[in-house]
Amino acid sequence: FGLSIAAEWVTVYYIRYADSSLEEATLMMSLRTLFGAGLATLLFSRLAQHYSMSIQNINFLVPAVFTIPGVAFAYIENNTPQHKSIMYSAAFAGSFFQYSFNGPMTAVMMQAIRPELRGRAFSAWLAIQRIFDMVGPLAAGIASD
């Protein structure tokens, strides 16, 4: 849900306020999603795995701690459209930290769900996620009107 809203809103934001072309805005949104989702998921899942024996509830602590810098970078991104280099740098850093929950939360789900139910649980989770992804741009449009 959040990713589909971000894809619609951030691209339009780049075009309107940062004087980006449609191609540049789309490329930046795609790169930040790829960079954030891919690299952050791998890094933060490894971080949680490394400290899982020494720190209790690390899978909840990692997203809680690293979402704070993600919000700070999102603030910088949204308040510096006149400086593209600062805005794009903050966008990449913010997306990296905002995806810190993927790896640890998936590990929690894998530990909490019995093995015979994991397939159904992940299928339901993906189905719900896709339904909200389809409704996301519509909901963002209705909310902005």
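Scroll up for the structure.
Quick caveat, the model's predicted, so the values are computed rather than measured.

**Things to note about the side chain of Thr80**
Next, step 1: By secondary structure assignment, the location of Thr80 is in the loop between α3 (58-79) and α4 (84-98).
Next, step 2: Under the relative-accessibility criterion, Thr80 is labelled buried at 14%.
Next, step 3: Beyond its immediate sequence surroundings of up to four residues, Thr80 is in contact with Ile86 and Met87.

**Side note on the nonpolar core**
A general feature of soluble globular proteins is that nonpolar side chains tend to end up buried together.
Next, step 1: Of all hydrophobic cores here, the largest spans 10 residues; its members are Val10, Tyr13, Tyr14, Ala18, Ala25, Met28, Met29, Met87, Tyr88 and Ala91.
Next, step 2: For this core, the elements supplying multiple residues, two or more each, are α1 (2-17), α2 (22-50) and α4.
Next, step 3: Here Met87 is in contact with Tyr13, Tyr14, Ala18, Glu77, Thr80 and Pro81, once residues within four sequence places are set aside.

**Some thoughts on helix α5 (residues 102-112)**
Next, step 1: When α5 is considered as a whole, its buried residues turn out to be Gly103, Pro104 and Val108. With its buried residues spanning 140° around the axis, α5 presents them on a single face.
Next, step 2: On its buried face, α5 sits against α2 and α3.

**Some words on the packing of aromatic side chains**
Next, step 1: Applying the stated criterion across every chain yields a total of nine aromatic pairs.
Next, step 2: Pairing Phe66 with Phe97 gives two aromatic rings, centres 6.1 Å apart and planes at 5°, and the pair type is stacked. Of this pair, Phe66 sits in helix α3 while Phe97 sits in helix α4, placing them 31 residues apart in sequence.
Next, step 3: Take Phe66: its relative accessible area is 24%, and that puts it in the partly exposed class.
Next, step 4: Judged by relative accessible area, which is 17%, Phe97 ranks as buried.

**A few points about the environment of Ser95**
Next, step 1: By secondary structure assignment, the location of Ser95 is in helix α4.
Next, step 2: By relative accessible area, which is 2% here, Ser95 ends up buried.
Next, step 3: Along the primary structure Ser95 and Thr33 are separated by 62 residues, whereas in three dimensions their C-alpha atoms are 6.8 Å apart.
Next, step 4: With residues up to four places along the chain from it excluded, the contact list for Ser95 reads Arg32, Phe35 and Gly36.

**Thoughts on the environment of Met87**
Next, step 1: Here Met87 lies in helix α4.
Next, step 2: When its relative accessible area of 0% is taken as the criterion, Met87 is described as buried.
Next, step 3: For the pair formed by Met87 and Phe73, sequence separation is 14 residues and the distance between their alpha carbons is 8.9 Å.

**Quick notes on the side chain of Arg32**
Next, step 1: Structurally, Arg32 can be placed in helix α2.
Next, step 2: For Arg32, a relative accessible area of 8% puts it in the buried group.
Next, step 3: At a separation of 3.1 Å, a polar atom in the side chain of Arg32 contacts the side chain of Tyr14.
Next, step 4: When residues no more than four places from it in sequence are discounted, the contact partners of Arg32 are Val10, Tyr14, Ala37, Glu77, Ala91, Phe92 and Ser95.

Reading the values: rules and limits
Residues numbered from 1 in each chain as written. Predicted model: local features only at pLDDT ≥ 70, side-chain atom pairs only at ≥ 80, totals over all residues. Heavy atoms only, no water. Helix = DSSP H or I, 4+ residues; strand = E, 2+ residues; numbered from the N terminus. Buried < 20%, exposed > 50% of the residue type's maximum accessible area, 1.4 Å probe, protein only. Contact = heavy atoms within 4.5 Å. Core = buried A, V, L, I, M, F, W, Y, C linked by side-chain atoms within 4.5 Å. Arc of directions from axis to C-beta. Phe/Tyr/Trp six-rings, centres within 6.5 Å; stacked < 30°, edge-to-face > 60°. Polar contact = N/O pair within 3.5 Å; in protein donor to acceptor, adjacent residues only side chain to side chain.

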